[in-house]
Each structure stands twice: as structure tokens, then as C-alpha cells.
Amino acid sequence: MKQFLGEQGIFFIGIMGALLTSVFCQMLIIYYMLQMVKASEKLEEEKTAIFTDWIEEYIREKNKIVNVTIFINKKLRQLSIGKYKISGIRHFSGQMLLLAVFLAGVGACKGIIEGKTLGQILPFYIVSLFGMYLHFSLSGIMDLEEKKKIIQMNLSDFLENGKMYLYLSPKGEKEREVEEGNPIWGEQEDKELREIIREILT
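A. Main features of the nonpolar core. Within the largest apolar cluster, 29 residues are counted, with the highest numbers of intra-cluster contacts made by Phe 51 and Leu 79. Those elements that provide at least two residues to this core are α1 (2-41), α2 (49-61), α3 (68-77), α4 (86-113), α5 (118-142) and α6 (144-160). Phe 11, Ala 100, Ala 104 and Val 127 belong to the second-largest nonpolar core, a separate cluster that totals 13 residues.

See the structure below:
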């Protein structure tokens with residue numbers, strides 16, 4: 001084992017580093033998308049910064065927006081974690097997996113050329129196969145397109161039913177009522193009217 005780590009260690013360390021980076025990227029996307037889905041399902045209960053920005057933009061630009069679904073899909077394509085887009089992180093994760101497989105192949109070929117035994121070469125194949133299995137398993141769990149569909153469905157229902165005004169603030173609700181031509185009438189207005197009538201009668 002010491003001999004293996006001494007001669008082929010650099011390849012093995014490179015393989016493990018690339019695989020761990022790939023897995024980390026996958027898990028980061030999974031966590032982020034799960035939080036997005038959870039937030040989209042609780043739009044009527046909790047406010048989320050990213051959805052608040054989307055809703056405010058939709059209200060500002062709604063006269064120019066032909067289709068709600070197109071607007072949401074555009075936003076979903078621009079999803080990012082910090083400065084990095086989800087699509088870019090996913091692509092980088094795939095590249096790290098390919099790098100790990102490439103290093104495993106180079107390490108195995110080098111061992112064969114140098115006349116290493118099967119026991120000394122086999123770890124490269126085991127690690128690379130395990131890494132590929134873990135990567136694709138996480139890809140299946142992530143199911144990015146399905147999670148985007150869930151977010152799209154929840155947000156479309158929210159916007160098309162006009163719930164976005166209630167989401168923002170009471171002021172937003174009043175603006176909606178004025179815009180739709182509905183009278184703004186509540187308990188305060190009713191109380192003021194009663195006071196006026198009482199003053200007139202007395």
C-alpha cells in the first residue's frame with residue numbers, strides 16, 4: 001500500500017479530489033433546488049428574497065409580459081448560486097467526473113506499462129466506477145427538470161390568480177384594487193362613515 005501511494009499516489013489524490021468536487025457540486029444544487037421548491041410551495045405563508053424580486057418584476061413589467069410561463073422559464077434558466085449559474089455548476093460537476101475517469105485511466109495505463117500487478121491497478125478502476133455510480137445516483141435524485149416544473153407550476157398558479165399583490169404588502173393590495181377599479185372599503189372606512197352619519201344626526 002505504501003508503495004502504491006508512493007508511486008501512483010498523485011493520480012489517486014487527483015481522482016479523489018475531482019470526484020469529491022463533482023459530488024459537492026451535485027449536492028449543492030440538490031440542496032438549493034429543494035429550498036426553492038419548498039419556498040414555492042409556501043408562497044402564501046413566507047416571503048423569499050428571490051421570489052419577491054421575481055414578483056415585483058412581474059408586476060412592473062406585466063403589461064409587457066405575454067405569457068406567465070415564459071416569464072418563469074426565463075427566470076429559472078437564470079437561477080444561480082452566488083455568482084455561478086446552476087447550469088454552469090452542473091456542467092463543472094460533469095467535467096470533474098470526466099477528469100477523475102481520465103486520471104484513473106492514465107494511472108492504470110501507467111501501472112500496466114510498468115508491469116504492476118492487478119492488485120496495484122485495480123484501485124483505480126474501483127474508485128472511478130464508484131465515483132461514476134455516486135455522480136449519476138445524485139443526478140437522479142436531483143432531477144433538475146422535474147423540480148423546475150414544480151416551481152413553475154406553483155409560481156404560475158400564484159401569479160395567474162393575482163395572489164402576488166397580497167404577497168407583497170397591504171399597499172400592494174390597495175394598488176391592485178385601484179387598478180382593477182374595485183372600491184377600497186374596509187373596517188376603517190365603515191367606522192368613519194358611521195361617525196359622519198352620527199354627527200349629522202346629532
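B. Up close: the side chain of Ser 40. Tracing the backbone shows Ser 40 in helix α1. For Ser 40, a relative accessible area of 5% gives the class buried. Of note is the side chain of Ser 40, whose polar atom sits 2.7 Å from the backbone oxygen of Val 37. Excluding residues that lie within four positions of it along the chain, Ser 40 makes contacts with Phe 51, Ile 151 and Asn 154.

C. View of α5. For α5, spanning 25 residues, the distance from its first C-alpha to its last is 36 Å, which sits close to the expected 36 Å at 1.5 Å a residue. All of the buried residues along α5 are Ile 121, Phe 124, Val 127, Ser 128, Gly 131, His 135, Leu 138 and Met 142.

D. Geometry of the side chain of Lys 147. By secondary structure assignment, the location of Lys 147 is in helix α6. Buried Lys 147, no salt bridge; nearest opposite-charge side chain is Asp 143, N-O distance 6.0 Å. A polar side-chain atom of Lys 147 sits 3.3 Å from the main-chain carbonyl oxygen of Ile 141. Excluding anything up to four places from it in sequence, Lys 147 contacts Met 33, Leu 34, Val 37, Ile 141 and Met 142.

Conventions and cut-offs
Residues numbered from 1 in each chain as written. Predicted model: local features only at pLDDT ≥ 70, side-chain atom pairs only at ≥ 80, totals over all residues. Heavy atoms only, no water. Core = buried A, V, L, I, M, F, W, Y, C linked by side-chain atoms within 4.5 Å. Buried < 20%, exposed > 50% of the residue type's maximum accessible area, 1.4 Å probe, protein only. Helix = DSSP H or I, 4+ residues; strand = E, 2+ residues; numbered from the N terminus. Polar contact = N/O pair within 3.5 Å; in protein donor to acceptor, adjacent residues only side chain to side chain. Contact = heavy atoms within 4.5 Å. Expected span 1.5 Å × (residues − 1). Lys, Arg positive; Asp, Glu negative; His and termini not counted. Salt bridge = Lys/Arg side-chain N within 4 Å of Asp/Glu carboxyl O.

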